[in-house]
Amino acid sequence: ASNNPLHFHKNHSENIVVLEGEAIMKIGNDTLNISPKDQITIPKRTLHEVIKVLGKKPLKVISVQSPKFDPKDRFFIKKQD
């Protein structure tokens, strides 16, 4: 299970730079492998999640959000089994 389950932000966009580790990430309808030096922009209202961290190294990222991050602006989506 991911510690960053499927969610979106109504009011802010998110920009991620991968520092260490590799993972599979879902952004909107796209599934991509992310690795160090990748830069990802997630527009507001776009569903996204880290599906799985690959390998033994933890995933470390810098996440810059605009406007300022507010935890109340994170809406989790319950997956259908």
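It should be noted that the structure appears before, not after, this text.
For the structure given in this document, a descriptive report is provided here.

The rules we used
- Residues take numbers from 1 onward in each chain, read along the sequence in its written order.
- Thresholds applied to this predicted model are a pLDDT of at least 70 for local features of residues and 80 or more for the giving and counting of side-chain atom pairs; totals over whole chains, interfaces and linings are not thresholded and use all residues.
- Note that water and hydrogens are dropped before the side-chain values are worked out from all heavy atoms of the structure.
- A run of H or I in DSSP becomes a helix once it reaches four residues, and a run of E becomes a strand once it reaches two; helices and strands are each numbered from the N terminus.
- With C-alpha atoms as the basis for the radius of gyration, the globule rule is written as 2.2 Å multiplied by the number of residues raised to the power 0.38.
- Every accessible area reported is derived by Shrake-Rupley at a probe size of 1.4 Å, with residue values counting cover from the shown protein chains alone.
- In this tally, Asp and Glu contribute negative charge and Lys and Arg positive charge; neither His nor the terminal groups of the chain are included.
- Working definition for charges: the position is that of NZ of Lys, CZ of Arg, CG of Asp or CD of Glu.
- Pairing of aromatic rings covers Phe, Tyr and the six-membered ring of Trp, with a centre-to-centre limit of 6.5 Å; geometry is then stacked below 30 degrees between planes, edge-to-face above 60, and tilted otherwise.
- The buried label applies to any residue whose accessible area, calculated with a 1.4 Å probe on protein chains only, is under 20% of its type's maximum; exposed applies above 50%, and partly exposed to all values in between.
- Here, over-ring charges are defined by two tests on the NZ atom of lysine or the CZ atom of arginine: distance to the ring centre within 6 Å, and angle to the ring normal within 35 degrees.

A look at the overall build of the protein chain
Here comes step 1: Secondary structure assignment for the protein chain yields zero helices and eight strands.
Here comes step 2: Along the protein chain, from the amino end to the carboxyl end, the secondary structure elements read β-β-β-β-β-β-β-β.
Here comes step 3: On C-alpha atoms alone, the protein chain measures out to a radius of gyration of 12 Å, which is about the 12 Å that the 2.2 N^0.38 rule sets for 81 residues.
Here comes step 4: Counting every atom, the protein chain has about 5800 Å² of accessible surface; 53% of that belongs to carbon and sulfur.
Here comes step 5: Counting 14 positive and 9 negative side-chain charges, the protein chain places the centres of these two groups 3 Å from one another.

Remarks on unusual backbone geometry
Here comes step 1: Cis geometry is adopted by the peptide bond preceding Pro67, which originates at Ser66 and carries an omega value of -5°.
Here comes step 2: The phi angle at Lys37 is positive, at roughly 80°, despite the residue not being glycine.
Here comes step 3: For Lys37, the location among the structural elements is in the loop between strand S4 (30–34) and strand S5 (39–42).
Here comes step 4: Positive phi values are uncommon outside glycine, yet Arg45 reaches one of about 70°.

Observations concerning the packing of aromatic side chains
Here comes step 1: If you walk through the whole model with that rule in mind, you get one aromatic pair.
Here comes step 2: Judged by centre distance (5.4 Å) and plane angle (25°), the ring pair of Phe8 and Phe75 falls under stacked. With a gap of 67 residues between them, Phe8 in strand S1 (residues 7–8) and Phe75 in strand S8 (residues 75–76) connect regions that are remote in the sequence.
Here comes step 3: What makes Phe75 partly exposed here is its relative accessible area of 29%.
Here comes step 4: In this arrangement the basic side chain of Lys10 is found over the ring face of Phe75, its NZ or CZ atom lying 4.7 Å from the centre.

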